[in-house]
Amino acid sequence: MAARKLGAAPSERTREGPPVTETPAETEKASFRSDVTVELVKHSAADSDVLWAARVSTAGEQSLEEITKDPERSKGLINFLMRDRHGSPFEHNSMTFFISAPIFVFREFMRHRVGWSYNEESGRYRRLEPVFYVPGEARKLVQQGRPGKYEFVEGTRAQHELTGRVMEDAYRHAYDAYQEMLAAGVAREVARSVLPVGLFSSMYATCNARSLMHFLGLRTQHEQAAVPSFPQREIEMVGEKMEEHWARLMPLTHAAFNANGRVAP
Ligand SMILES: Cc1cc2nc3c(=O)[nH]c(=O)nc-3n(C[C@H](O)[C@H](O)[C@H](O)COP(=O)(O)OP(=O)(O)OC[C@H]3O[C@@H](n4cnc5c(N)ncnc54)[C@H](O)[C@@H]3O)c2cc1C
């Protein structure tokens, strides 16, 4: 796997020695993003994994050879498993994503405990980069209605301009404070307290199709969903990108998920 921006583990010496601080050579300028990125870095995931796991109960070790014999039967079996919520055959696969998104997205993301593994960049072992989230023009800004029954609407040009300006000012101010403390010798793990949840972070997230479906059922909106959900748009953006990757790897499973109301089996 190629090296990415994920925080490197500290050496034993660093971990056991005196607090290590960092003095930046020059102050870094903040940059602003409205997107999230999701890269599929590693995978072992195919529809045949589901079929193989399901058929072992009836065909034993012969099942691998059976998989390609009758595509219609394979499609029907995946649909049956999804419809009747036989979930475990959907667990014999693995996808690892490298995700860059604001910290507030990761806060929501890591509530998904089952069938997920996470490693996030460290704010203790490296200086955090000044990359911050500002909603793009397509992001609906205004919430109307009451909790449990609300919708988001566009927002005026003035509201968009205000949001961008106020966020950028606040981010710059916070990052200046962070850098000031680092320059004075304060430890990164202490100085980071002033940084906001709009700061970008990055993580590896590994899941299987079953845990991804559970995530997508809760964190995306979709016309085929039998149970509506109301995710925050930014985690939905991450979910949509993960779903694109997954749909390419496991098209039959993805189609069966949609056809059965996007409820994880
Ligand atoms: C629209 C939306 C709004 C939300 N708002 C809030 C909020 O305001 N505050 C907040 O704190 N959270 C909020 N959440 C997070 C939510 O409560 C869940 O923590 C999150 O969606 C993960 O779901 P999960 O527990 O089903 O997933 P996982 O943790 O991946 O669990 C998967 C499944 O395993 C089973 N399971 C896991 N752990 C246990 C357990 N301890 N006991 C029994 N069964 C278990 C359950 O069947 C569960 O559905 C929100 C989520 C959504 C989608």
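Structural data are supplied above this passage.
Rules behind the numbers
Residues numbered from 1 in each chain as written. Predicted model: local features only at pLDDT ≥ 70, side-chain atom pairs only at ≥ 80, totals over all residues. Helix = DSSP H or I, 4+ residues; strand = E, 2+ residues; numbered from the N terminus. Buried ≥ 20, exposed ≤ 12 C-beta atoms within 10 Å, placed from the backbone. Contact = placed C-beta atoms within 7 Å. Near = placed C-beta within 6 Å. Nonpolar A, V, L, I, M, F, W, Y, C, P; charged D, E, K, R; others polar. Pairing = 2+ DSSP bridges. Axes fitted to C-alpha atoms, helices over the stretch in contact; angles between N-to-C directions. Core = buried A, V, L, I, M, F, W, Y, C linked by C-beta atoms within 7 Å. Parallel < 35°, antiparallel > 145°, perpendicular 65-115°, else oblique. Left-handed = near helix turned anticlockwise from the far one by under 90°.

> Quick question: what am I supposed to make of the overall build of the protein chain here?
Each helix and strand in the protein chain was counted, giving ten helices and eight strands. By residue count, 26% of the 265 residues in the protein chain fall in the buried class. Taking as baseline every contact in the protein chain between residues at least 6 positions apart, the subset at least 24 positions apart corresponds to 78%.

> Can you walk me through the site of the ligand in this structure?
With respect to spatial proximity, the complete set of residues near the ligand consists of Arg111, His112, Arg113, Val114, His214, Leu218, Arg219, Ser229, Phe230 and Pro231. Considered class by class, the residues forming the shell around the ligand number four nonpolar, three polar and three charged.

> In this structure, what is going on with the sheet that holds strand 8 (residues 200-207)? I would like to understand it.
Hydrogen bonds between backbone groups are what pair the strands of a sheet, and the pairing can be parallel or antiparallel. Read across the sheet, four strands follow the order 2-3-8-4 without closing on themselves; strand pairing throughout is antiparallel. A single partner strand is all that each edge strand has here, and the edge strands are strand 2 (37-44) and strand 4 (116-120). In this sheet, adjacent strand axes meet at a mean angle of 20° when their direction is disregarded. Bridge analysis of strand 4 against strand 8 gives five bridges, and the strand direction is antiparallel. If you follow Glu120 over to strand 8, its bridge partner there is Met203. Strand contacts of helix 9 (residues 233-249): strand 2 and strand 3 (94-102), with the helix running at about 155° to strand 3, the strand carrying the most contacts.

> Help me understand the nonpolar core in this model?
What tends to happen in soluble globular proteins is that the nonpolar side chains get buried as a cluster. With 45 residues, the main nonpolar core has Ile78, Ala101, Val105, Ala209, Leu212 and Val238 as its most contacted residues. Those residues in contact with Val105 that lie beyond four places of it in its chain are Val36, Glu234, Ile235 and Val238.

> Help me understand the packing of helix 8 (residues 209-219) against helix 9, please; the structure alone is not making it clear to me.
Two numbers describe a pair of packed helices, the interaxial angle and the distance between the axes. Contact geometry of helix 8 with helix 9 gives a least axis separation of 10 Å together with a crossing angle of 140°. Here helix 9 runs oblique to helix 8, going by the angle between their axes. The hand of the helix 8/helix 9 crossing is left-handed. From helix 8, Ala209, Leu212, Phe215, Leu216 and Arg219 reach across to helix 9, where they touch Ile235, Glu236, Gly239, Met242, Glu243 and Trp246. Of the residues assigned to the contact of helix 8 with helix 9, the class counts are seven nonpolar, one polar and three charged.

> Would you take a moment to explain the packing of helix 4 (residues 71-83) against helix 10 (residues 251-259) for this structure?
Contact geometry of helix 4 with helix 10 gives a least axis separation of 9 Å together with a crossing angle of 45°. On the basis of their axis angle, the class for helix 4 and helix 10 is oblique. Both helix 4 and helix 10 take part in a crossing whose hand is right-handed. Note on element contacts: helix 10 touches helix 4 through Leu252, Thr253, Ala256, Phe257 and Ala259, opposite Ser74, Lys75, Ile78, Asn79 and Met82. Here the residues of the contact of helix 4 with helix 10 are counted per class, giving six nonpolar, three polar and one charged.

Just distances and angles here, no functional claims.
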